[in-house]
Amino acid sequence: MTKSKYIGIIACIAVLAAIVGVGLALDNKSEETAATVIQTSVQTVTDKQGEAVTDKSGNVLTEVVTVVEEVSEEASSEAGSEASATTEKKSEKPDVEVKSEGTEKAKETTKTGKNTTTKKKNKNKKETTTEPEIVYIDIVLQKNRTAKCSSPNVSIATGEVTIEKEGNYRITQNTGGKDWYGKIVVKLKNTEKAELRFENVKLSNNTSNIVQIIDKSITTSRSFLESESAAAEDEIKVVSDFDLAPNVQLSFPEGTSSSFVTTANSVTGVLYNESKLTIKGHGKATFESRKNANNCICSTKSIKIKNVNLNLITAQNTNTSTLAANTGAARGIYSYSKVTLESGTLNVKTNGDGIRCDEFISESGTANISSSACDGIDADDAIVINGGTITSTALEKYSFKVRRINNTEKGETDKGVRSGKGDTFSINGGIVRGESKKITTVQKASKQPSITCKIVKPSRGTDKALEESKVPAIITIKDVKSSSNKCTKFLYSVSGITKNKEYTATANGNSAKCKWNGSVGIIDIDSITNR
């Protein structure tokens with residue numbers, strides 16, 4: 001017998017010994033024996049790895065490469081407790097797969113029942129993924145209108161902190177419990193993004209905005225930021241016409257409460273924004289304007305509200321249980337684009353419009369909006385409510401107003417309306433309540449039933465024609481809901497309203513009935529006090 005054949009036989013015997021050993025161990029139902037045989041066999045075969053079978057000329061005929069998966073020490077120590085779980089596996093013969101590449105190589109893979117069990121156990125382990133940790137640049141607001149930051153991206157002057165590079169910034173305060181007086185300015189290119197994380201800060205100012213977010217890709221003058229003239233609205237519109245914008249997040253972490261209060265009289269707001277802005281977090285943020293003309297938030301671009309508890313308060317907000325006597329123009333949100341309530345809580349108390357925008361969209365969350373002298377939600381193009389709990393109270397004007405619809409009804413097409421595409425007021429989910437003097441008609445596009453109640457009176461000279469009453473009252477829709485305030489119009493929408501069911505509404509001792517017919521149910525309640 002030649003030497004090459006002798007070596008080949010030895011290699012085959014080694015492999016067979018490993019297989020037979022494993023089989024014997026499994027047949028004897030002994031985890032310990034199986035582990036010992038595997039260990040011994042692996043050592044024997046390992047000694048033969050790399051040794052090839054050659055012919056007389058020295059050419060490689062066969063090379064044996066054996067791969068045996070390691071049995072973990074943990075699995076070996078738990079062999080006794082897992083015996084019942086591996087019984088079925090022990091009756092299976094190990095799979096042997098041999099792959100040949102001509103006469104050059106043969107690959108043999110041996111798998112054991114024990115290894116299969118170990119793999120199955122590992123599959124049950126929960127895989128956890130960790131998001132990369134956000135690294136924040138710290139800005140500390142200090143006494144005497146000073147601040148501290150080690151980053152070259154931040155410049156500091158008395159009462160003013162300016163951020164001029166994208167990044168993540170954490171803003172805290174060390175002022176001995178007093179407000180920090182000044183403003184924070186963010187200047188970014190329209191391709192940049194930033195997060196400003198506010199943790200328990202109290203900022204105030206009496207001459208300008210407290211937070212300014214500027215798109216420095218636009219070189220138009222911002223002199224209107226220092227102006228108290230209402231003409232600044234036209235200059236803001238020029239900036240809003242640019243399509244691109246930075247992406248900025250204002251975040252308020254859970255357990256924190258921050259406030260921004262100004263007594264400046266500029267229409268550009270406590271917060272002036274030129275970015276695609278997201279206000280987020282599980283904390284609380286309050287923006288308050290204490291002058292009649294100033295808004296809480298003024299934005300040239302879209303605003304998204306997510307998770308946060310956001311409170312917007314303007315001057316001269318009165319008790320909404322009676323019709324307001326005050327007038328004013330200070331808005332909660334004044335946006336030249338879309339305002340989206342994605343989640344969280346939005347509380348707005350104003351003497352101007354609660355929200356003035358191109359589009360208002362609600363997906364979820366809660367909004368409580370009240371205006372003492374103007375509209376609750378005043379949108380140029382659309383109000384779309386897909387979910388959430390939305391309450392809008394505007395006892396002097398509209399609780400919900402879409403200008404394209406209203407102007408068309410008045411024959412004043414697009415008068416006072418900025419450019420846009422849609423013209424709808426649709427309710428597709430959630431709970432919606434409107435209490436006001438006027439309400440835009442709910443369009444047929446709505447997927448959720450709605451009932452609108454109106455207090456009316458006979459017009460002078462005839463008992464047939466009706467006109468709107470000016471005397472408010474609590475309006476009650478039997479089996480559905482009552483208004484919380486005295487009003488002349490009450491809108492209520494909820495999925496529980498049944499099609500073709502008759503509903504009765506009462507106000508001032510008078511009742512009337514209607515059915516929701518798939519579009520909107522309208523109830524006209526006669527008001528004796530107005531006869």
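Since this is a predicted model, take the numbers as computed values, not measurements.

A. Representation of the overall build of the protein within the structure. Within the protein, the regular secondary structure consists of 7 helices and 40 strands. Put simply, the protein has 531 residues, and 48% of those count as buried. Here the protein displays about 26400 Å² of accessible surface, and carbon together with sulfur accounts for 47% of that area.

B. View of the confidence of the model for the protein. The predicted model of the protein has a mean per-residue pLDDT of 78, with 68% of residues at 70 or higher. Predicted confidence is poor over residues 22–121, with pLDDT under 50, and the contacts of this stretch with residues over four places away or in other chains come to 99 contacts. Across residues 319–325 the pLDDT falls below 50, and counting only partners more than four positions away or on other chains, this stretch makes 15 contacts in the model.

C. The environment of Asp358, seen in detail. Positionally, Asp358 belongs in strand β26 (residues 355–362). Considered as a pair, Asp358 and Gly422 are 64 residues apart in the sequence and their alpha carbons are 9.5 Å apart.

D. Expanded view of the nonpolar core. Grouped together as the largest cluster of nonpolar side chains are 63 residues, with contacts concentrated most on Phe260, Phe287 and Phe425. Listed in part, the 20 residues of the second largest apolar core include Ile451, Ile497, Ala505 and Ile523.

E. Looking closely at the packing of aromatic side chains. A complete count under the given rule lists 8 aromatic pairs for this structure. Between Phe198 and Phe252, the ring centres sit 5.6 Å apart and the planes meet at 15°, which makes this aromatic pair stacked. Of the two residues, Phe198 sits in strand β12 (residues 193–198) while Phe252 sits in the loop between β15 (247–251) and β16 (257–262), which places them 54 residues apart along the sequence. Each member of the pair, Phe198 as well as Phe252, is classed as buried. Ring centres of Phe252 and Phe260 lie 6.2 Å apart, and the angle between their planes is 80°; this geometry places the pair in the edge-to-face category. For Phe252, a relative accessible area of 0% translates into the label buried. Here the guanidinium or amino end of Arg331 rests over the ring plane of Tyr334, the centre of that ring lying 4.0 Å away.

F. Broad picture of the state of the cysteines. Applying the stated criterion across every chain yields a total of 0 disulfides. For the unlinked cysteine Cys487, the closest cysteine sulfur is that of Cys453, found at 8.7 Å. Cys487 sits in the buried class, given a relative accessible area of 1%.

G. Here's a closer look at the pattern of salt bridges. Counted under the stated rule, the structure contains 20 salt bridges. Arg222 serves as the salt-bridge partner of Glu274, at 2.7 Å between the closest nitrogen and oxygen. With a gap of 52 residues between them, Glu274 in the loop between β17 (271–273) and β18 (276–280) and Arg222 in the loop between β14 (211–215) and α6 (232–240) connect regions that are remote in the sequence. Pair check on accessibility: Glu274 and Arg222 agree, each one buried. With its nearest N and O atoms 3.2 Å apart, the salt bridge here joins Arg290 to Glu288. Connected through shared salt-bridge partners, Arg356, Asp375, Asp378, Asp380, Lys401 and Arg403 make up one network.

H. Geometry of the environment of Asp378. Note that Asp378 resides in strand β28 (residues 377–385). Those residues in contact with Asp378, other than ones at most four positions away along the chain, are Asp353, Ile355, Arg356, Cys357, Lys401 and Arg403. One polar contact links Asp378 to Arg403, side chain to side chain, over a distance of 2.8 Å.

Rules used throughout
- All chains use their own residue numbering, which begins from 1 and follows the written sequence.
- Local features in this predicted model are restricted to residues of pLDDT 70 or higher, and side-chain atom pairs are both shown and tallied only at a pLDDT of 80 or more, whereas totals for entire chains, interfaces and linings draw on every residue.
- Computation of side-chain values covers all heavy atoms of the structure but excludes hydrogens and water.
- Segments assigned H or I by DSSP are reported as helices when at least four residues long, segments assigned E as strands when at least two residues long, and all are numbered from the N terminus.
- Burial status follows relative accessibility: with a 1.4 Å probe on protein chains alone, a residue under 20% of its type maximum counts as buried, one over 50% as exposed, and anything between as partly exposed.
- In these tables, accessible area is a Shrake-Rupley quantity obtained with a 1.4 Å probe, and a residue counts as shielded only by the protein chains included in the view.
- In predicted models, pLDDT denotes the confidence assigned by the predictor to each residue on a 0 to 100 scale.
- Contact between two residues is taken to exist if any of their heavy atoms lie within 4.5 Å; hydrogens are not considered.
- To form a nonpolar core, buried Ala, Val, Leu, Ile, Met, Phe, Trp, Tyr and Cys residues must be joined to one another through side-chain atoms within 4.5 Å.
- In this analysis, rings of Phe, Tyr and Trp, with Trp reduced to its six-membered ring, are considered paired at centre separations within 6.5 Å, and the interplanar angle assigns stacked below 30 degrees, edge-to-face beyond 60, and tilted for intermediate values.
- Here, over-ring charges are defined by two tests on the NZ atom of lysine or the CZ atom of arginine: distance to the ring centre within 6 Å, and angle to the ring normal within 35 degrees.
- For this text, the term disulfide refers to a pair of cysteine sulfurs within 2.5 Å.
- Here, a salt bridge means any Lys or Arg side-chain nitrogen found within 4 Å of an Asp or Glu carboxyl oxygen.
- Whenever two N or O atoms come within 3.5 Å, that pair is a polar contact, provided that in protein one can donate a hydrogen and the other can accept it, and provided that, for residues adjacent in sequence, both atoms are side-chain atoms.

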